[in-house]
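Single-letter residue listing:
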Amino acid sequence: MQVNDVTKLEIEGGIGVITVNSPPVNAFSAPVRQGVASALEQALANEAVKAIVLICEGRTFFAGADISEFGKPVIEPSLRDMQAMIEAASKPVVAAIHGTALGGGLETALVCHYRMAVPSARLGLPEVNLGLLPGAGGTQRLPRVVGVEKALELMTSGRQINAKEGLATGLLDELADEGALRKDAVAFAQRIAAEGKPLVKVRDRSEKLDEARANSSVFADFRKANARKFRGFKAPENIIRSVENTLSLPFDEGMVQERALFNELMADSQSAALRHVFFAERTAAKVPDIGKDVDILPIEKVAVIGAGTMGGGIAMNFANAGIPVVLVETTQEALERGLKVIRKNYETTASKGKMKLEDVERRMALLQPSLTMADVADADLVIEAVFENLDVKREVFAKLDAVAKPGAILATNTSYLDIDDIAAATACPESVIGLHFFSPANVMKLLEIVRTKDTAKPIVATAGKLAKTIGKIGVTVGNGFGFVGNRILAARNAQSDQLVLEGATPEQVDKALYDFGFPMGHFQMRDLVGLDVGWNRETTSSANVREILNEMGRHGQKTGGGYYDYDEKRRHTPSPVALKVIEDFAAKQGIARREIGEQEILDRILYAMVNEGAKILEEGIAARASDIDIVWVTGYGFPKYRGGPMFWADLQGVPQVLQKLKTLEQAHGDAFTPSPLIERLAAEGKSFGEA
Ligand code: 3HC
Ligand code: NAI
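Residues numbered from 1 in each chain as written. Chains lettered and ligands numbered in written order. Predicted model: local features only at pLDDT ≥ 70, side-chain atom pairs only at ≥ 80, totals over all residues. Heavy atoms only, no water.

## Focus on the packing of helix 21 (residues 506-516) against helix 22 (residues 522-529)
Reasoning step 1: The contact between helix 21 and helix 22 brings their axes to 7 Å, and the two run at 105 degrees. As summarised for this structure, helix 21 and helix 22 are arranged roughly perpendicular, according to the angle between their axes. Of the residues in helix 22, those touching helix 21 at Pro-506, Val-509, Asp-510 and Leu-513 are His-522, Phe-523 and Gln-524.
Reasoning step 2: The residue makeup of the contact of helix 21 with helix 22, split by class, is 4 nonpolar, 2 polar and 1 charged. (Axes fitted to C-alpha atoms, helices over the stretch in contact; angles between N-to-C directions. Helix = DSSP H or I, 4+ residues; strand = E, 2+ residues; numbered from the N terminus. Parallel < 35°, antiparallel > 145°, perpendicular 65-115°, else oblique. Contact = heavy atoms within 4.5 Å. Nonpolar A, V, L, I, M, F, W, Y, C, P; charged D, E, K, R; others polar.)

Dropping the structure here:
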């Protein structure tokens, strides 16, 4: 019987089966909550029903609260009301889980009296990723089932566990056969009813809490162990506090406090920012002019040209996905060096227990080393990762044009070069695209997919699909200096360099960025990467501080000094030598040094970045402000809880951004001349998100 558009109730062998089908992920929207509540009422009122199964159709069990309803008035019944009905039901309710039981989905499973899942199911409370805590009883019930420590770990990481772990921790009562969930759940419910098993309420369980009471330092230890990981994020602390309440408050009071701690997070801009990132990540996958009708090309074999820092990491992505890769180098020595680094990476992963030793060999076997360009002939995709030099790249592409199979995708990993210029070396510019990976390429999630004026749509669509296949977040951008990420980075660099000449120290600049939430400051980053990356010993002319430091042999961490000095453990201290270089260079430039405060440092860096982002948007290099945010959050360490530079700017308000830029322009010149887009948005009362 259909209860509403998304819910049905069927009676099968004395069991009331409530089935929800609300694509795509059965989130608890108002119709789902209403459907479950009325199906439950009907099942309870029906004497023929002895027990109830709650199950979903489609790809997954409930994936949680409906995030798109957040911030809007609650439509009855609330998730908690619906859950209270289930928990108080006079007949046993069994949650039958497939896909992912997440957030409010798992919290609802926790109010059911029994839980069963198929082996492929996954369970988790990922609210922390949205800047929230599990607010439908999760913080109160999970510790009662899996224990305090495990609950803290799961809720502050958002980690999903598989069904096997679910069974071992007591989160699940039974496993069903894969593909036979409904049948097995009905049989399980029949057994419970026949044997008169109790209506187990997690809220009444206390044995795991008693265990935790015996270990008085559990919370302090957990906070200490995770201080670095949680830095800047508010949700983990509220989760910990709410779990602390399980030991000191009765269940119902713990629930009241959970609600208060949840509401506090919901009202905070961090959660708004993290929710923005959640949706922005998914929006980025949709390229405005590329519909579902555009063909996706099969990628069964890949070739990577150049086995250096980037080429090796890029090749690993495909080997990890089971796709064979030809790795082409110019010399045997370079090839061997590249392969050695890859093997070492895999072996390190294996030594940490994160990969099996036989998988190291399996992945290495997918790599076919070669010194012959002609070996790319059967690759569907060729990615060039040779030196950042236009002539070298053009030569490589001219060769590829001759040896690659017709229709193969020809990609470049260039950081800054004009991809049209590279494509012009081929007779098929429509097959050429930028696939801009980030270092380390086997780790970093971001992939800038750079389309040129000629790139054919199927090539763009295939690159988007490929990003998913190798576990990356692909953001499609246009071809222009530095694309999105490095162009904004250049704006940040310019201000950072200027600030130290005008009087700030590298430590001051780095501290401001670190305190804002970046994992490290600008100068620390440069020292880590190496000041000599992109520096040319032949042409260097003491034209800036960086060149001078390089000329002095100060290439960063690896040489014991750059902008900072380093000890043998690579711990940094302010460098009097570097400061002297800065002061002398400023004097030579006629720049009078002055005291510079943290606010000025942040303002100049952040507003220069936002202004550059606005220009990128205006020029169509990025399709949307949220794409710029995703590039900076996933590729450059912009604090996720601030949502990215454009979301941050929207929180300030576009008129305020405009005003600030005008003030900065007067004091510091052209870099701050507001982009016309900002003027227009301010006049129209629109945000960057609406641009
Ligand atoms: N609410 C609203 N929409 C959601 C949603 C949710 N909880 N979860 C996913 N969606 C939407 C996505 O935005 C996407 O929409 P689109 O097709 O229009 O872009 C669509 O569902 C499919 O999502 P994915 O592309 O992510 O699909 P996948 O199959 O790759 O992943 C998933 C499925 C694992 C369920 C993943 O979507 C996910 O992790 N979702 C979020 C789960 C979550 O955070 N739950 C907690 C919610 S907060 C909560 O429950 C509060 C409670 O404690 C009170
Ligand atoms: P690298 O110097 O570590 O590696 C380049 C490799 O290419 C060398 O091993 C070299 O022997 C090989 N090579 C040169 N000419 C070749 C040819 N004709 N055929 C085959 N192999 C050839 O350089 P890296 O850092 O890996 O950079 C490669 C590209 O990736 C550059 O375009 C760079 O701008 C870009 N990039 C670099 C990032 C980084 O952080 N290192 C980040 C993102 C992009």
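## Examining a nonpolar patch on the surface
Reasoning step 1: Together, Met-525, Leu-528, Val-529 and Val-533 line one region of the surface with nonpolar side chains, adding up to about 340 Å² of accessible area.
Reasoning step 2: Examined against the element boundaries, Met-525 turns out to sit in helix 22.
Reasoning step 3: By relative accessible area, Met-525 is classed as partly exposed at 38%. (Patch = residues over 30% accessible without salt bridge, like charges linked within 9 Å, V, L, I, M, F, W, Y side chains within 5 Å. Areas by Shrake-Rupley, 256 points an atom, 1.4 Å probe, with all protein chains shown as cover. Salt bridge = Lys/Arg side-chain N within 4 Å of Asp/Glu carboxyl O. Buried < 20%, exposed > 50% of the residue type's maximum accessible area, 1.4 Å probe, protein only.)

## Re the site of ligand 2
Reasoning step 1: Around ligand 2, a shell composed of 20 residues is seen, among which Met-310, Glu-329, Glu-388, Lys-393 and Ser-415 lie nearest.
Reasoning step 2: One of the backbone nitrogen or oxygen atoms of Met-310 is found 2.8 Å away from an oxygen atom of ligand 2.
Reasoning step 3: Contacts to ligand 2 include Ser-415, whose side-chain N or O atom sits 2.7 Å from an oxygen atom.
Reasoning step 4: Against a free-state accessible area of 830 Å², the protein chains account for coverage of 78% of ligand 2.
Reasoning step 5: Secondary structure elements with two or more residues in the shell around ligand 2: helix 14 (309-320), helix 17 (390-403) and strand 16 (432-437).
Reasoning step 6: The residue makeup of the shell around ligand 2, split by class, is 8 nonpolar, 9 polar and 3 charged. (Near = heavy atom within 4 Å. Polar contact = N/O pair within 3.5 Å; in protein donor to acceptor, adjacent residues only side chain to side chain.)

## Things to note about the sheet that holds strand 16
As a general point, the strands of a sheet are linked pairwise by backbone hydrogen bonds and lie either parallel or antiparallel.
Reasoning step 1: Read across the open sheet, the 8 strands follow the order 13-12-11-14-15-16-17-18; overall the sheet is mixed. If you trace the sheet from one side to the other, it starts and ends with strand 13 (367-370) and strand 18 (473-478), each paired once. On average, each strand axis in the sheet is tilted by 25 degrees relative to the strand beside it, whichever way the strands run.
Reasoning step 2: Pairing of strand 15 (residues 409-412) with strand 16 involves 3 bridges; the strand directions are parallel. Residue pairing for strand 16: Thr-412 is matched across the bridge by Gly-434.
Reasoning step 3: Taken strand by strand, helix 17 contacts strand 11 (302-305), strand 14 (381-384), strand 15 and strand 16, and its axis lies near 170 degrees from that of strand 15. (Pairing = 2+ DSSP bridges.)

## Quick look at the site of ligand 1
Reasoning step 1: Contacts to ligand 1 come from 25 residues, most closely from Arg-59, Glu-107, Glu-127, Arg-282 and Lys-286.
Reasoning step 2: Contacts to ligand 1 include Ile-67, whose backbone N or O atom sits 2.9 Å from a nitrogen atom.
Reasoning step 3: Within the backbone of Gly-104, an N or O atom sits 2.8 Å from an oxygen atom of ligand 1.
Reasoning step 4: Compared with its free state, where it exposes 980 Å², ligand 1 has 73% of that area covered by protein.
Reasoning step 5: Only strand 6 (100-102), helix 3 (104-109) and helix 13 (269-284) provide two or more residues apiece to the shell around ligand 1.
Reasoning step 6: With 3 residues, the single largest contributor to the shell around ligand 1 is helix 13.
Reasoning step 7: Looking at the shell around ligand 1 residue by residue, the classes come out as 14 nonpolar, 5 polar and 6 charged.

## A short note on the side chain of Thr-455
Reasoning step 1: Within the element layout of this structure, Thr-455 appears in the loop between strand 17 (446-451) and helix 19 (457-469).
Reasoning step 2: A distance of 2.9 Å separates a polar atom in the side chain of Thr-455 from the backbone oxygen of Val-432.

## Overview of the state of the cysteines
Two cysteines, two sulfur atoms, one covalent bond between them: this is a disulfide.
Reasoning step 1: In the structure shown here, the tally under the stated rule is 0 disulfides.
Reasoning step 2: With no disulfide of its own, Cys-112 has Cys-56 as its nearest cysteine by sulfur position, at a separation of 10 Å. (Disulfide = S-S within 2.5 Å.)

## Quick notes on the pattern of salt bridges
One side chain can pair with another of opposite charge once the charged atoms of both are near each other.
Reasoning step 1: With the rule as written, the count across this model stands at 47 salt bridges.
Reasoning step 2: For the salt bridge of Glu-10 with Arg-182, the shortest nitrogen-to-oxygen distance reads 3.1 Å. Residue Glu-10 is found in strand 2 (residues 7-12), and its partner Arg-182 is found in helix 7 (residues 181-194); the two are separated by 172 residues along the sequence.
Reasoning step 3: We classify Glu-10 as partly exposed; its relative accessible area is 26%.
Reasoning step 4: The salt bridge partner of Arg-680 is Glu-684, with a shortest N-O separation of 3.7 Å. Linking Arg-680 with Glu-684, this pair stays in helix 29 (residues 676-684), spanning 4 residues, or about one helical turn.
Reasoning step 5: According to the relative accessible area criterion, Glu-684 is partly exposed, its value standing at 42%.
Reasoning step 6: One continuous salt-bridge network, built from bridges that share partners, spans Lys-150, Glu-153, Arg-159 and Glu-165.

## Here we look at the nonpolar core
Reasoning step 1: Of all hydrophobic cores here, the largest spans 91 residues; its most connected members are Leu-400, Val-484, Val-509, Trp-632, Phe-638 and Phe-688.
Reasoning step 2: Examining the composition of this core, we find that 11 residues originate from one element, helix 25 (residues 598-618), more than from any other.
Reasoning step 3: When residues of this core are assigned to domains, at least three map to each of domain 2 (302-481) and domain 3 (504-588).
Reasoning step 4: Residues in contact with Phe-638, not counting those within four places in the same chain, are Phe-516, Phe-518, Leu-606, Met-609, Trp-632, Val-633, Gly-644, Pro-645 and Trp-648.
Reasoning step 5: One finds Phe-62, Ala-95, Leu-142 and Ala-151 within the second-largest nonpolar core, a separate group that totals 85 residues. (Core = buried A, V, L, I, M, F, W, Y, C linked by side-chain atoms within 4.5 Å. Domains from an automatic or database assignment.)

## Re the domain arrangement of the protein
Reasoning step 1: Assigned domains within the protein: domain 1 (2-266), domain 2 (302-481) and domain 3 (504-588).
Reasoning step 2: Each of domain 1 and domain 3 has a C-alpha centre, and these two points are 51 Å apart.

## Points about the packing of aromatic side chains
Reasoning step 1: Going through the model one piece at a time under the given rule, you end up with 17 aromatic pairs.
Reasoning step 2: Ring plane angle 70 degrees and centroid distance 4.8 Å describe the contact between Phe-61 and Phe-62, whose orientation is recorded as edge-to-face. When sorted by exposure, Phe-61 lands in the same class as Phe-62, which is buried.
Reasoning step 3: Taking the centre distance of 6.0 Å and the plane angle of 45 degrees together, the rings of Phe-222 and Phe-230 count as tilted.
Reasoning step 4: You can call Phe-222 buried: its relative accessible area is 13%.
Reasoning step 5: The ring centre of Tyr-514 lies 3.5 Å from the NZ or CZ of Arg-231, which sits over that ring.
Reasoning step 6: Taking NZ or CZ as reference, Arg-642 lies 4.1 Å from the ring centre of Phe-516, over its face. (Phe/Tyr/Trp six-rings, centres within 6.5 Å; stacked < 30°, edge-to-face > 60°. Lys NZ or Arg CZ within 6 Å of the ring centre and 35° of its normal.)

## A look at unusual backbone geometry
Reasoning step 1: Cis geometry is adopted by the peptide bond preceding Pro-24, which originates at Pro-23 and carries an omega value of 0 degrees.
Reasoning step 2: Residue placement: Pro-24 occurs in the loop between strand 3 (15-20) and helix 1 (30-45).
Reasoning step 3: The residue Asn-26 is not glycine, and still its phi comes out positive at about 55 degrees.
Reasoning step 4: Phi at Phe-483 takes a positive value of approximately 50 degrees, unusual for a residue other than glycine.
Reasoning step 5: With a relative accessible area of 0%, Phe-483 lands in the buried category.

## A look at the pairing of strand 16
Reasoning step 1: The buried fraction of strand 16 is high, at 6 of 6 residues.
Reasoning step 2: Side chains of strand 16 alternate between two faces, with Val-432, Gly-434 and His-436 and Ile-433, Leu-435 and Phe-437 buried alike.
Reasoning step 3: As paired strands, strand 16 and strand 17 are joined by 4 bridges and run antiparallel to one another. Within strand 17, the residue paired with Gly-434 across the bridge is Val-450.

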